[in-house]
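# Chain and residue survey
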Amino acid sequence: MHESFLVFITKISLYPTVVFTGLVMFVTLYWLVSLLGMADMDTVDIGESGADVSNLTSTGFFTGIMLKFGLYGVPFIIILSLISLIGWLLSYLYTSFLHQHFDSGLLYYVFGTGALIFVLVVSMWLTGLIISPIRKNIANIPKRNASSHVGKIAIVRTLTVTSKHGEAALNDGGAGLILKIRADVDDNPLKKGDRVMLVEYLDNTNTYRVTPMSNQ
């Protein structure tokens, strides 16, 4: 058992698997931090499904690549998590069955780099396939009138609230809602457990500007 574990650790530390091992560790830490209320899952707006992805110069290279693989419409951390996990599994299989024939030297890194690029492309393609039905289902869900929550009281669930980060829990009479909130950093800093009022809905960022109840 101990020897098998050491072999496993060795394999996930080899190039190129170590790259995806690092990504898996990062997303795992992010999810743990998010569950503890120290981070929020911001959705990266990469573009609409009808965007012209043939012209990468107009959308940006990174954005164009993401669009081509269908990596949009869900929180970016979910996309990164899937790419990391799929890439880690594929690169681990490569390290276990093929990469062992190259112990070191130039060929080790040449084939390793080729495998890294190939695995990354396959991982992005598979991730796009996985999130495609999720994205379509999300698009078909009738959107609530988010502005109807303005004036309601919510409880801060992140350790801090800034102009770029923050979440609050709102009791809507059901399972409850987790809302992204923003506040002026210099104006009465907010902390976890504070009661805030939702004073404005910012449609372009899908967030709420809040103010402490003490100001009411």
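Note that residues are indexed from 1 along each chain, following the sequence as it is written. A pLDDT threshold of at least 70 governs which residues receive local features in this predicted model, and a stricter bar of 80 or more applies before side-chain atom pairs are shown or counted, although totals over entire chains, interfaces and linings include all residues. Just so you know, side-chain values use all the structure's heavy atoms and leave hydrogens and water out.

## Quick word on the nonpolar core
Ranked by internal contacts, the top residues of the largest apolar core, which has 16 residues, are Ile181, Leu198, Tyr208 and Val210. Only β1 (153-156), β2 (167-170), β3 (177-182), β4 (195-202) and β5 (207-212) provide two or more residues apiece to this core. Note on contacts: a residue pair is in contact if any heavy atoms of the two residues lie within 4.5 Å. Apart from residues lying up to four places away in sequence, Leu198 is in contact with His149, Val150, Gly151, Lys152, Ala154, Leu170, Leu179, Ile181, Tyr208, Arg209 and Val210. In this structure, Met66, Val74, Ile79 and Ile83 belong to the second largest nonpolar core, which totals 7 residues. To form a nonpolar core, buried Ala, Val, Leu, Ile, Met, Phe, Trp, Tyr and Cys residues must be joined to one another through side-chain atoms within 4.5 Å. Between buried and exposed lies partly exposed: a residue is buried under 20% and exposed over 50% of the maximum accessible area for its type, with that area taken using a 1.4 Å probe on protein chains only. Helix and strand assignments follow DSSP, with helices taken as H or I runs no shorter than four residues and strands as E runs no shorter than two, numbered in order from the N terminus.

## What about unusual backbone geometry?
Cis geometry marks the peptide bond from Tyr15 to Pro16, where omega comes out at 10°. Locating Pro16 in the fold gives a position in the loop between α1 (2-12) and α2 (17-35).

## Observations concerning the confidence of the model for the protein chain
When pLDDT is averaged across the protein chain, the result is 79; 78% of the residues are at 70 or more. Element-level pLDDT for the protein chain is lowest in helix α3 (residues 56-59), with a mean of 44, against a maximum mean of 91 in helix α5 (residues 76-97). Per residue, pLDDT measures the predictor's confidence, with a range of 0 to 100. Within the model, the stretch residues 43-59 combines pLDDT values under 50 with 24 contacts to residues more than four positions away or in other chains.

## A word on the layout of surface pockets
Estimates place the volume of the second largest pocket at around 170 Å³. Taken together, Phe61, Phe62, Ile65, Met66, Phe76, Ile79, Leu80, Ile83, Leu120 and Met124 form the lining of the second largest pocket. Contributing elements (two or more residues each) for the lining of the second largest pocket: α4 (61-68), α5 and α6 (106-140). Only Asp, Glu, Lys and Arg are considered charged, only Ala, Val, Leu, Ile, Met, Phe, Trp, Tyr, Cys and Pro nonpolar, and every remaining residue, Gly among them, polar. Across the lining of the second largest pocket, the residue classes break down as 10 nonpolar, no polar and no charged. Grid points spaced at 1 Å and placed over the protein atoms alone form the basis of the search, with a cavity being a set where a 1.4 Å probe fits but cannot get out and a pocket an open set showing protein on both sides within 12 Å along at least five of seven lines. Lining residues have an atom within 4 Å of a point. Grid points are joined across faces, edges and corners, and a volume is the space filled by probe spheres set on the points.

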